[in-house]
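Next come the chains, spelled out residue by residue.
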Amino acid sequence: MAVGQNVYRKDGHEKLTGAARYVDDAALDRMLVGKTIRSHIARGRIKAITFDPAYDWSRVIRADYRDIPGKNYVALIENDQPLLAESEVRHCEEPILLIAAESKLLVEEAARHIHISYEELSPLLTIEESLACAEIIYGTDNIIKRFLIGRGDIDEGFEQADRIIEGEYRVPHQEQLYIEPQGMIAIPRGEAMTVMGSMQCPYYVHKAIKQLFNLSDEQAIVIQTTTGGGFGGKEDYPSVIAAHAALLAYKARRPVKLIYDRAEDIAATPKRHPGIIRHRTGVRRDGRMVASEIDIVFDGGAYVTLTPVVLSRGAIHSLGPYRCDNVRIHARAVATNTPPNGAFRGFGAPQVAFAYEMHMEKIAAEMGIDPLELRRINMLREGDITATGQQLKWSVGAEEVLSEAVERSAYREKRRSISEANRAVQAAGAEDNKRRGIGLSFFLHGAGFTGSGESKMKARAGVEINAEGRPRILSGSTEIGQGTRTIFCQIVADELGASFADVDMEEPDTSRVPDSGPTVASRTCMIVGRVVQLAAREVKEKLKRFVAERYAAPEVELIEGNFVAGGKRLAALSEMAREYIAQFGELRAYAEYASPPDIEWDEENYSGDAYPVYSWGAEVAEVEVDMDTYEVRVHKITVAQDIGRAIHPILAEGQIEGGTLQAVGYGLLEELVWDRGRIINNRLTNYIIPTSLDTPEMETIIVEKQYPHGPFGAKGVGELPMNGAAPAIAAAVLHATGAFINEIPVTPERLQSALEDS
Amino acid sequence: MIIQFYVNGAKRQVDAPPMKRLLDLLREDLRLTGTKEGCGEGECGACSVIVDGEVINSCLVPACQIEGTEMITVEGLAKDGRLDPLQQAFLECGGAQCGICTPGMLIAARALLDTCARPTRDQIKEAIAGNLCRCTGYVKIIDAIEQAARAA
Amino acid sequence: MPQSLNVYSPATLADAYAVLAERGGAVKVIAGGTDVMVLMNAHMFDASEFLNIWRLAELRGITDEGETLRIGALTTYTQLIQSPLIQLHMPALVAASRTVGAVQVQNRGTIGGNIVNASPAGDSLPVLAAYDAEIEIGSRRGTRRVAFNQFYTGYRRTVLAPDELVVAARIRKLKDGERDFFCKVGTRRAQAISKVVLAARATATAGTIESISIGIGSVAPTVVRAPETERLLSGRALTPALIEQARQLIANEIAPISDLRSTEHYRRTVTGNVLAKFLRIRGQRPGAGGQGRE
């Protein structure tokens, strides 16, 4: 068995020896270097573009929107984002022109000889400004998208309540900060265009390239190079870079490399949506929630891009892992003149998780109920019904994760002893003016696309076996560090009874692998992994039928690489594969995703089974606050997550630990600083992510409540850990200092204000 | 200018502008692309190489300062097809995910173990504090370095 | 990077002086490169001539001169951290050096570079200020010495003439009964630029501060001393009331601004708090020195 084992990752050796090839490592003959010329203002009309007449432009390829053979938009949901601005710009860093030349030096020099003048218009830069509608920049009211989710009778719910508790919570932008900056290479070949680069979703790029150049499926070829991290940041934006590189390559008739430096990457590419979330909750004396009204506003930025789906996931997750029979959720996304916000691990859920968990802390404090007890009273259990009216049928690990996190961290005991110790320290006036605190958070995450997304997408994947008997997986799901290539091989090895070493994955190239849907939404293992498993099963059945006929055996089994009938070995898998291929040319099968039975979703009313299943998490953070400097240090995080089944425990832990630290950054450190619509801390010296010294000790507990429709019981794992750390840390800071922080990150400056206000 | 130095034990000679970054010299002139660029300002450590026994950021060293030095890059860690104990430990512990920080991380860890055979967890954290990783949360990297130190 | 670059790499200090005498003003001096290369990579200056002093052995080394240590300008942070002389006689400089960047930068960054770069946030500079260091400056015209506290004339401006080079820093060793202190409050625990950085040196006996000097970074256009607070504390018994008075005085004595990293209000408060912490330590454990960050 390979599943459940910590096999060496397939891409391990090449990554550890420096042999893995990332996009910037490629050197092609005659390749030019490209650069994007961007808007310096947040909103306005382009008056004139001047190319310095004294400069020698013969060495420079220039392209603008008029050079696009197809339509000038980036294919996504609304198609409202131009590939290159025409007459108006709607955010700073919006692409206007493209240039390419022989070297980076030359292209940078040429860029300094281009001047763009604008008629500036007054921009909307924040959620508040957009809602105030002093300017209208989208539709009639600046609202990009609106959802309403309702269940029960909210008014009656509030009437039943003994107390009504309100709270407002604010969450910031966050930069994905993959360590490999974005980049693409485009290679024109006759009519065809090949694009290779760093990306999560080859078929998104494929769609964009086809549209822009009016190409057929076969004429556009997209290949993913080894990708140095994505976290959602390489979901939609690579389509833009690929199209830019391709446009330059199309004009130059030469390969063009377009690699962002860090400053450009932070300034121009999508961020996590900032938001303002308000809760109004009716609570009974015993702590039961009887009415929950939630208002969510996200800042979508200047174009629609992925905002409607981010908002949808945010709205659906906004009640958290809690039960309440009377619910009204109103979610809006507004347009602003800032770079479009987009996908980032968690996709709307980390924002609302900070809000619902801090609101639980607030309810607990105001009602005088222990925060852990309050969560237990309201937690969802198997058979319960969620805000969208979904009855939880299977794989509900809520109770288990909460118990594990609480027991393993000794939460209750520490909460008591720390409170006493803090009082003693305060009384003694010790020289080290520090307070400790412990806090918890409880959360869930729906795996796969929302609602009917997966049944519409119909993800496809295939498995083929070559003449040596080696299985090869054909899937557009990408390896971005999370372990796709390894876990798919484990799944196929076990389904075929083959050795893990013999299985590998085909290169992610759209001319060779089918569309398995994007590598997003915690869907790769649970959804595509399932399809891969079914394809392996199908190819096995094909071969079994062949063997049964060949040996005239009624019942054939494949056991550890050998075909067996009635306890007798007939032939090796490799032998039969060779014969099959000799006869039929190839041995391959594809499978397609089908939703589990009884899954229903009403897109009109936004109700029903929002996700086939949820993953569950609970987290305990232990902090120390320096009362002289207001710095918060996270000493330990204990996190328990129910992910159905860990196909590869070390990889699963790696997802949880990495996601947790990214969430520590979200909760404590990471913040963009803006000046008139422009990010001014777009460098690694001033956009602060956690280093090894900022990393707490982590204890990870994997809970396995198997999901009957996932591969070997697996559910999603990628995004869940992003939801837990920020509220757990803020709860611990509350415990340590008494300061209730309703806005992240909990910077020293923010904590200082909160302490001075209280 | 003509510059001579040693990379992974082999003598190399290049003709490069004196202010060319060592990082570009390795990647472009010598096609040693294992050394990565993540920021170009000495913050992320992806471009770490060992020069005369010390780990440095190759994006901050100009060509004119490397004459006669001895360097180790990630390509020089494995010997005769055998992985360095650190590489082996990273493989076993899950120290590499997307892999982009891995070469620099291995180099920083190598520099640590070359001067301190049995580092504590805190010493390991300090030694890799100049190498940013966004995938792992550092836990498995620290585990791997600890394991490699034990194995040596 | 401009197209054609001219780099001088002299073999001796005399040759370096000669280059500066001829090309001073046009030529940019590069030592370990940790500041210069960052600016160059970000296209943030347009120098086309460089003076590479990295190989000048004459600028390296730490010498015991009896009452003082002479630290060559090219001494790296790693060398400072590892030097038994520095560890014994000025532990705050070790503490400061450990907070500079991370190992990679500590291996290349030099104390001379930190002095000449003239950033108000330079991590080692408050130590030099608190220690009343003396800067040795050389040129073909000869050598002169300038008090560190008179070295800066404004934001990123120094007394250096175009033909001059910082050669060394001379720092007086801690005396018996004297203790030092260093605390950097940064944006994170490593690789951080400071919000407030404070170093102090004080002699105290029987709960009374005999003398104290305080250097602070990131709270004014240059690294500064806090003369009013120093005067307040000198010769006084360290009572909680005096500590509170000093905390408030220093917060008002400095002139911080709000910027990318922090707010004016935070910097004032935390400077006061950090000083108070040092004074609490001195008051409660007269023999103890300390570092704000372990």
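Just above sits the structure.
Residues numbered from 1 in each chain as written. Chains lettered and ligands numbered in written order. Predicted model: local features only at pLDDT ≥ 70, side-chain atom pairs only at ≥ 80, totals over all residues.

Trainee: I'm lost on the packing of helix 10 (residues 240-253) of chain C against helix 11 (residues 264-284) of chain C in this one. Help?
Mentor: Working note: a packed helix pair is described by the angle between its axes plus the distance between those axes. All names here are of chain C. Viewed as axis vectors pointing N to C, helix 10 and helix 11 meet at an angle of 145°, and their least axial separation amounts to 8 Å. Relative to helix 11, helix 10 is oriented so that their crossing is right-handed. Each of Ile 243, Ala 246, Arg 247, Gln 248, Ile 250 and Ala 251 in helix 10 lies in contact with helix 11, whose residues at this interface are Arg 268, Thr 269, Thr 271, Gly 272, Asn 273, Leu 275, Ala 276, Leu 279 and Arg 280. Taken together, the residues of the contact of helix 10 with helix 11 sort by class into seven nonpolar, five polar and three charged. (Axes fitted to C-alpha atoms, helices over the stretch in contact; angles between N-to-C directions. Helix = DSSP H or I, 4+ residues; strand = E, 2+ residues; numbered from the N terminus. Left-handed = near helix turned anticlockwise from the far one by under 90°. Contact = placed C-beta atoms within 7 Å. Nonpolar A, V, L, I, M, F, W, Y, C, P; charged D, E, K, R; others polar.)

Trainee: What should I look at first to understand the interface of chain B and chain A in this one?
Mentor: Taken together, the contact between chain B and chain A spans 40 residues of the former and 40 residues of the latter. Only helix 2 (85-93), helix 3 (102-115), helix 4 (121-127) and helix 5 (139-151) of chain B provide two or more residues apiece to the side of chain B that touches chain A. Counted by class, the side of chain B that touches chain A contains 22 nonpolar, 11 polar and seven charged residues.

Trainee: How do you make sense of the sheet that holds strand 7 (residues 142-147) of chain C when you look at a structure like this?
Mentor: Residue and element names in this part refer to chain C. As summarised here, the arrangement of the five strands in space is 4-5-10-6-7, forming an open sheet in which the pairing is antiparallel. The sheet is open, and its two borders are formed by strand 4 (62-64) and strand 7, each paired with just one other strand. Sheet twist, expressed as the average angle between the axes of neighbouring strands with direction ignored, equals 25°. Relative to strand 7, strand 6 (residues 134-139) runs antiparallel, the two being bridged by six bridges. In the sheet register, Glu 136 faces strand 7, and the bridge partner there is Arg 145. (Pairing = 2+ DSSP bridges.)

Trainee: In this structure, what is going on with the sheet that holds strand 15 (residues 327-335) of chain A? I would like to understand it.
Mentor: Strands in a sheet are paired, the pairing made by backbone hydrogen bonds, and the direction either parallel or antiparallel. All names here are of chain A. Ordered in space as 7-15-14-13-8, the five strands form an open sheet in which the pairing is mixed. This sheet does not close on itself; its edge strands, each paired only once, are strand 7 (143-151) and strand 8 (163-171). Strand after strand, the sheet turns through a mean of 10° between neighbouring axes, direction not considered. Sheet strands in contact with helix 9 (residues 349-367) are strand 8, strand 13 (275-283) and strand 14 (289-301), and its direction is about 145° off that of strand 8.

Trainee: Sorry if this is basic, but what is going on with the interface of chain C and chain A here?
Mentor: Quite often, the size of an interface is put as the accessible area lost when its parts meet. Of the residues lining the interface, 22 residues belong to chain C; the matching set on chain A comes to 20 residues. Taken together, the residues of the side of chain C that touches chain A break down into nine nonpolar, nine polar and four charged.

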